[in-house]
Amino acid sequence: MADRRGDTWKRHISEQLRMRDRVQRQAFEEIISQYNRLLEKSDMQAVLSERYQSDGPRGSQLSAADGGMRGDIQQEMSQMRIKHQEELTELHKKRGELAQNVIELNNQIQLKDKEIQRNEAKISEYQTQIATLEGDCRKLNTFLQDLERANQMLKDEYDALQITFSALEEKLRRTTEDNQELVSRWMAEKAQEANRLNAENEKDCRRRQAKLQKELADAAKEPLPLDPDDDIEVLAEDGGKGPGEASSPSRSLSRTPSKRISQVPPGGLLDSIGNIFGRRPGNSLSTSPENTEAPMGGVEVRVPSTALHVFEAHDGEVNAVRFSPGSRLLATGGMDRRVKLWEVVSGHCEPKGALTGSNAGITSIEFDSAGSFLLAASNDFASRIWTVDDFRLRHTLTGHSGKVLAARFLLDNTRIVSGSYDRTLKLWDLRSKVCMKTVFAGSSCNDIVCTEQCVMSGHFDKKVRFWDIRAESIVRELELQGRVTSLDLSQERTELLTCSRDDLLKIIDLRTNTVRHTFSAPGFKCGADWTRVCFSPDSNYVVGGSADGGVYVWNVLTGKLERLLDKHHSSAINAVSWSPSGAFVLSVEKGSKAVLWSDL
């Protein structure tokens with residue numbers, strides 16, 4: 001735009017100068033032509049004068065006729081000289097006027113040049129201002145887009161909360177109605193039971209009263225021997241009491257048990273109420289293998305210092321890695337749609353087999369607590385479970401509408417939780433192979449960890465959310481300074497390790513909901529939204545991979561960087577895993593390599 005404006009004013013000035021040249025050139029051409037003719041005549045007169053002067057002596061010898069001719073010629077010449085002199089004077093005058101005009105025009109040209117320079121300076125200034133305003137406009141547009149995205153995210157969260165609130169209100173209403181109906185039924189059955197017991201008590205009382213009256217009548221007919229020492233009068237008073245008074249204690253005693261018995265509802269009714277409100281039986285404590293495992297307090301963790309084995313793990317990017325619970329096997333998952341199993345033998349990773357069936361890249365890997373099954377999440381919107389021994393695909397769980405970025409076994413190994421790019425979490429039952437619950441999280445879920453009744457999820461909106469599996473609701477939220485890429489639990493399940501795109505690792509105390517430690521290091525940079533970090537088996541160290549290809553190990557007790565392993569990787573590290581035995585660390589990268597580390 002600035003170049004077009006500059007060409008326009010230059011072309012305008014050039015046209016003005018050509019027009020001025022055409023207008024003024026005509027006037028000057030006439031003057032110049034007359035001036036040239038006068039010069040020619042003047043030269044001719046000068047030549048004639050010289051000739052006449054040279055012919056002067058000879059003129060005295062001429063005759064009188066020649067003298068008269070010369071007088072005429074001289075007179076004519078003098079007239080021509082006078083005329084030429086006048087024309088020359090007039091030309092000099094016009095030349096002076098024209099010179100004055102030229103000077104004035106030059107002055108005007110200089111003024112125009114100065115004005116042009118001023119205009120060019122103004123144009124440059126305006127162009128600078130336009131560039132600055134365009135930059136400000138771009139910044140404002142970017143800020144507006146960020147605000148629109150944030151507004152859309154808040155709107156989605158509000159809609160999700162509104163839907164959840166409506167569902168909970170409906171559930172509360174139904175539960176209240178069911179409760180009222182059950183209480184009404186219970187009270188009705190209780191009243192019927194009480195009436196039945198009271199009727200039976202009344203019948204029993206009447207039967208006893210009739211029997212007593214009959215016995216009293218029979219006793220009154222029989223003569224009784226009297227001892228002189230007996231108090232007949234008192235006996236007569238006792239015997240003279242009416243039947244109603246004699247049966248009163250019996251009635252009182254007979255009704256007392258009916259009141260006590262009526263306070264206990266039938267056992268079947270209580271059981272039905274407990275089932276509706278989720279009452280857990282006495283033997284419903286968790287019996288998962290995790291609860292029967294011995295604690296790992298005796299594990300000797302060694303900080304890695306040497307690369308034992310560098311090998312090509314997949315054909316392309318490697319996204320996930322996980323050791324089996326026994327540390328004998330490890331699994332890697334890559335963009336080549338396969339999960340590979342490796343056996344650690346004498347410090348080397350020997351290939352054991354490949355698990356196939358996924359239609360897109362693998363994003364997450366998890367073994368069950370016994371090491372018999374392997375769970376993998378995939379970019380084809382599904383999660384899959386294989387048996388480790390025979391490499392067979394057992395389950396394919398589909399239902400998400402976006403990439404599944406994380407999937408984890410619950411502690412009972414019969415349920416799994418998956419988190420997806422579609423901003424939902426799903427709870428799956430492996431026995432029925434169906435989705436039991438779907439929870440809208442409001443943001444893309446990048447990683448998941450689980451306890452017995454709580455699921456912790458890390459999200460793209462910089463938040464860690466804590467979910468109660470039974471209530472299907474958020475217990476609490478914790479916001480970090482960057483997008484959450486990874487979560488890991490300590491061995492005691494009391495501390496949560498997080499990694500986020502602000503290049504910080506944090507340990508959160510789950511008992512107090514506070515950040516206990518923050519780890520960072522010069523050069524450490526989180527390379528992707530799915531960069532995985534982890535605790536050591538004794539929870540005394542944390543390890544993470546950086547975008548520069550370095551493996552960083554921090555000491556949890558001191559909070560300082562313990563070791564930096566900055567060789568053998570040529571691209572950003574996607575994931576690391578520390579073996580449960582504490583002897584090995586494996587790191588995988590965006591290239592195709594994996595590195596086995598130890599201190600051996």
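Structure: see above.
Scoring rules and cut-offs
Residues numbered from 1 in each chain as written. Predicted model: local features only at pLDDT ≥ 70, side-chain atom pairs only at ≥ 80, totals over all residues. Heavy atoms only, no water. Pairing = 2+ DSSP bridges. Helix = DSSP H or I, 4+ residues; strand = E, 2+ residues; numbered from the N terminus. Axes fitted to C-alpha atoms, helices over the stretch in contact; angles between N-to-C directions. Buried < 20%, exposed > 50% of the residue type's maximum accessible area, 1.4 Å probe, protein only. Polar contact = N/O pair within 3.5 Å; in protein donor to acceptor, adjacent residues only side chain to side chain. Contact = heavy atoms within 4.5 Å. Phe/Tyr/Trp six-rings, centres within 6.5 Å; stacked < 30°, edge-to-face > 60°. Core = buried A, V, L, I, M, F, W, Y, C linked by side-chain atoms within 4.5 Å.

### Brief notes about the pairing of strand S21 (residues 514-519)
Part 1 of the argument: Sheet topology places strand S20 (residues 504-509) next to S21; five bridges connect them, and they run antiparallel. Residue pairing in the sheet places Ile 508 in a bridge with Val 515 of S21.
Part 2 of the argument: Hairpin connection of S20 to S21: four residues between the antiparallel strands, including Asn 513 at a positive phi of 60 degrees.

### Quick notes on the sheet that holds strand S9 (residues 393-398)
Part 1 of the argument: Across the sheet, which stays open at both edges, the four strands sit in the order S6-S7-S8-S9 with antiparallel pairing between neighbours. Both edges of this open sheet fall to strand S6 (362-367) and S9, since each of them pairs with a single strand only. Pairs of neighbouring strands in the sheet enclose a mean axial angle of 20 degrees, with direction left out of account.
Part 2 of the argument: Examined bridge by bridge, S6 and strand S7 (residues 373-378) share five bridges and lie antiparallel to one another. Of the residues in S7, the one forming a bridge with Phe 367 is Leu 374.

### Comments concerning the side chain of Thr 424
Part 1 of the argument: Residue placement: Thr 424 occurs in strand S12 (residues 424-429).
Part 2 of the argument: Of the residues examined, Thr 424 reaches a relative accessible area of 11% and is grouped as buried.
Part 3 of the argument: Within the structure, Thr 424 has its side chain in polar contact with the side chain of His 400 (distance 3.3 Å).
Part 4 of the argument: Not counting chain neighbours up to four residues away, the residues in contact with Thr 424 comprise His 400, Ser 418, Gly 419, Thr 438, Val 439, Phe 440 and Ala 441.

### Quick notes on the packing of aromatic side chains
Part 1 of the argument: Applying the stated criterion across every chain, the model contains six aromatic pairs.
Part 2 of the argument: Relative to Tyr 552, the ring of Phe 524 has its centre 5.3 Å away and its plane inclined at 75 degrees; by these criteria the two rings are edge-to-face. With Phe 524 in the loop between S21 and strand S22 (534-535) and Tyr 552 in strand S24 (residues 551-555), this pair connects stretches of sequence that are 28 residues apart.
Part 3 of the argument: Relative to Trp 554, the ring of Tyr 552 has its centre 5.9 Å away and its plane inclined at 20 degrees; by these criteria the two rings are stacked. There is no split in this pair, since Tyr 552 and Trp 554 are both buried.
Part 4 of the argument: Following the ring pairs from residue to residue traces out a cluster consisting of Phe 519, Phe 524, Tyr 552 and Trp 554.

### Some remarks on the nonpolar core
Part 1 of the argument: Cys 349 and Leu 586 are the most contacted members of the largest nonpolar core, which totals 16 residues.
Part 2 of the argument: Secondary-structure elements contributing two or more residues to this core are strand S2 (318-323), strand S4 (339-345), strand S27 (585-589) and strand S28 (593-598).
Part 3 of the argument: Among the elements that take part in this core, S2 stands out by supplying three residues, more than any other.
Part 4 of the argument: Contacts of Cys 349, omitting those with residues within four sequence positions, involve His 309, Phe 311, Leu 330, Trp 342, Glu 343, Val 344, Leu 586 and Leu 596.

### Things to note about unusual backbone geometry
Part 1 of the argument: One non-glycine residue with positive phi stands out, namely Ser 346, at about 55 degrees.
Part 2 of the argument: Of note, Ser 346 is situated in the loop between S4 and strand S5 (348-355).
Part 3 of the argument: Looking at Ser 346, the relative accessible area reads 73%, which means it is exposed.
Part 4 of the argument: Even without being a glycine, Asp 503 presents a positive backbone phi close to 65 degrees.
Part 5 of the argument: Mapped onto the elements of the fold, Asp 503 is located in the loop between strand S19 (495-500) and S20.

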